[in-house]
Amino acid sequence: MEKQVRSWRELNVEPIDPDNCDPYTRCRVITMNGIEVEAVMFSHHLNRVCADMEVKQRLAEVRYVEQQQQKAVNWLLPGQASVLETTIAYEQVAVDLTGWVARMEPDPYLRQAYEFGVLEDFDHLYRYANLFEMIEHRKAEEIVDGLTEVMPGRPTVQHHRHPADNLNEPYDRESAAPLSKLHALTIMAAEQQTMNFYMNVGPQYMEPIARQLYQEIGMIEEEHVTHYESLVDPGETWWERLVNHEYNECYLYHSFMETESDPKIKAIWELHLNMELAHLHAACDLMRTYDGRDPESILAPELPAPVTFEPNKRFIRDLLANQVDLTKLGTGYVWEAHERFEKMQRELMGGRPPASEEVITEHRDRMGGDYRMETEGPHPIDRLRQ
Ligand SMILES: [Fe+2]
Ligand SMILES: [Fe+2]
Ligand SMILES: [Fe+2]
Ligand SMILES: [Fe+2]
């Protein structure tokens, strides 16, 4: 721990080249930024409820390092990328990271939560891609590079549920697979960072349609954070949660070190993995002292298979065919647009289509069709075809 504070020179990382980088390198950068932001905010929350000065000092030291890691990671994004370009990359992360997690998740209820969410971020990608072409005259395929298809998912207008219907049942901390806990933390952190991003960058646009689309999708990211964070067992102690956070950071840096295509970025993942190992040891010490329990009792006996960014096209198409009309009622999944859903919709829409519909209508009016990139044939759902 004593060697982890970095000088400004060390923090002054060279950004990735937006035109020539591997899109999945950018996805890994965005993911790790979300993870580091969560590490920082979690540590702040713990600090606020912790009275022991010695523990607060240890947390502050690790937290400072987490902040420096966040700076090193997020500053890999290049200044010349526009907000919308980065937004499209955020939604690509949401699609291909959640897609991977859904495919690997061993628990059927948790898997359903990821399958449900991924179809919504998949639709956000399509809406933002249409906005991108309309106001920046560029195509989303420059960013996602054919790795992720761009076409309608569960239409964004249907994502606006009653807030109570965004809750889920948590996993049981005693019986859940360690991998399930890591999945929940990862997707929660990624969605939280997307929510924060839209909250802050949305008003940076002049065009009313852009401002409105960020407001609308920003509200859905709130729903997604609620959806995913409620999967985590609230009965976990603070120390247990700290250990899970640090272990997850180790897992993801290790995963990305194993799968990174850019050697300079790979070196950063490796450096950060080594730092996280020290954080994990410190967290385990705190858990032993304050919980009187062995961290080994809650952690995976070995690292699960590395989280891998790769295309999920077939998987998404199958989900579209089977789950596009699914919605939530309480903590369950249902097919019918129930009363609470309809009431929420009426209140929110005020008799007009939302920006997510308008952006497509406007795009069609101006350019004679919507923007989409279907690399695997026509859309699996008839009514969502061009
Ligand atoms: Fe970290
Ligand atoms: Fe999204
Ligand atoms: Fe989301
Ligand atoms: Fe950490």
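Residues numbered from 1 in each chain as written. Chains lettered and ligands numbered in written order. Predicted model: local features only at pLDDT ≥ 70, side-chain atom pairs only at ≥ 80, totals over all residues. Heavy atoms only, no water.

Undergrad: How would you sum up the packing of aromatic side chains? Please name residues and give values.
TA: In this structure the tally under the stated criterion is 15 aromatic pairs. Ring plane angle 45 degrees and centroid distance 5.0 Å describe the contact between Tyr128 and Tyr214, whose orientation is recorded as tilted. You can see Tyr128 sitting in helix H5 (residues 108-136) and its partner Tyr214 sitting in helix H8 (residues 208-229), a full 86 residues away along the chain. For Tyr128, a relative accessible area of 0% corresponds to the buried category. Relative to Phe309, the ring of Phe256 has its centre 5.9 Å away and its plane inclined at 45 degrees; by these criteria the two rings are tilted. Highlighted residues: Phe256 in helix H9 (residues 238-259) and Phe309 in the loop between helix H10 (263-291) and helix H11 (313-323), separated in sequence by 53 residues. Accessibility assignment for this pair places Phe256 and Phe309 in one class, buried. (Phe/Tyr/Trp six-rings, centres within 6.5 Å; stacked < 30°, edge-to-face > 60°. Helix = DSSP H or I, 4+ residues; strand = E, 2+ residues; numbered from the N terminus. Buried < 20%, exposed > 50% of the residue type's maximum accessible area, 1.4 Å probe, protein only.)

Undergrad: Explain the packing of helix H4 (residues 83-104) against helix H7 (residues 178-201) to me, and be specific about the residues and the numbers.
TA: Two quantities define a packed helix pair, namely the angle between the axes and the distance from one axis to the other. Between H4 and H7, the least distance of the axes is 11 Å, while the angle of their chain directions is 165 degrees. The angle between H4 and H7 falls in the class roughly antiparallel. Considering the relative orientation of H4 and H7, their crossing is left-handed. The residues of H7 that touch H4, namely those facing Val83, Thr86, Thr87, Tyr90, Glu91, Ala94, Leu97, Thr98, Val101 and Met104, are Leu179, His183, Thr186, Ile187, Ala190, Glu191, Gln193, Thr194, Phe197, Tyr198 and Val201. A per-class count over the contact of H4 with H7 returns twelve nonpolar, seven polar and two charged. (Axes fitted to C-alpha atoms, helices over the stretch in contact; angles between N-to-C directions. Parallel < 35°, antiparallel > 145°, perpendicular 65-115°, else oblique. Left-handed = near helix turned anticlockwise from the far one by under 90°. Contact = heavy atoms within 4.5 Å. Nonpolar A, V, L, I, M, F, W, Y, C, P; charged D, E, K, R; others polar.)

Undergrad: Account for the coordination of the iron ion (ligand 4), naming residues and giving values.
TA: Donor atoms from the polypeptide that bind the iron ion (ligand 4) are Glu66 (OE), Glu66 (OE), Glu246 (OE), Glu249 (OE), Glu276 (OE) and His279 (ND1), placed at 2.1 to 2.8 Å. Taken together, the six donor atoms surrounding the iron ion (ligand 4) define angles of 51 to 176 degrees at the centre, an arrangement classified as irregular. Expressed as a motif, the donor residue spacing for the iron ion (ligand 4) is E-x179-E-x2-E-x26-E-x2-H. In this structure, the iron ion (ligand 4) is positioned 3.3 Å from the iron ion (ligand 1), and both are ligated by Glu66. Pair noted here: Glu246 is in helix H9 and Glu276 is in helix H10, with a separation of 30 residues, a long-range link. Accessibility classification places Glu246 together with Glu276 in one group, the buried group. (Donors = N, O, S within 2.8 Å, 3.2 Å for Na, K, Ca; no water. Tetrahedral: all angles 85-135°; square planar, octahedral: opposite > 155°, others 65-115°.)

Undergrad: Describe the coordination of the iron ion (ligand 2), listing the residues and the values that go with them.
TA: At 1.9 to 2.4 Å from the iron ion (ligand 2) lie its protein donor atoms, namely Glu91 (OE), Glu91 (OE), Asp121 (OD), His124 (ND1) and Glu221 (OE). In the primary structure, the donors to the iron ion (ligand 2) are separated according to the pattern E-x29-D-x2-H-x96-E. In this model, the iron ion (ligand 2) sits 3.3 Å from the iron ion (ligand 3), the two metals being bridged by Asp121. Within this pair, whereas Glu91 is found in helix H4, its partner Glu221 is found in helix H8, the two being separated by 130 residues in sequence. In terms of burial, Glu91 and Glu221 fall into one category: buried.

Any functional reading would require information that these geometric values do not contain.
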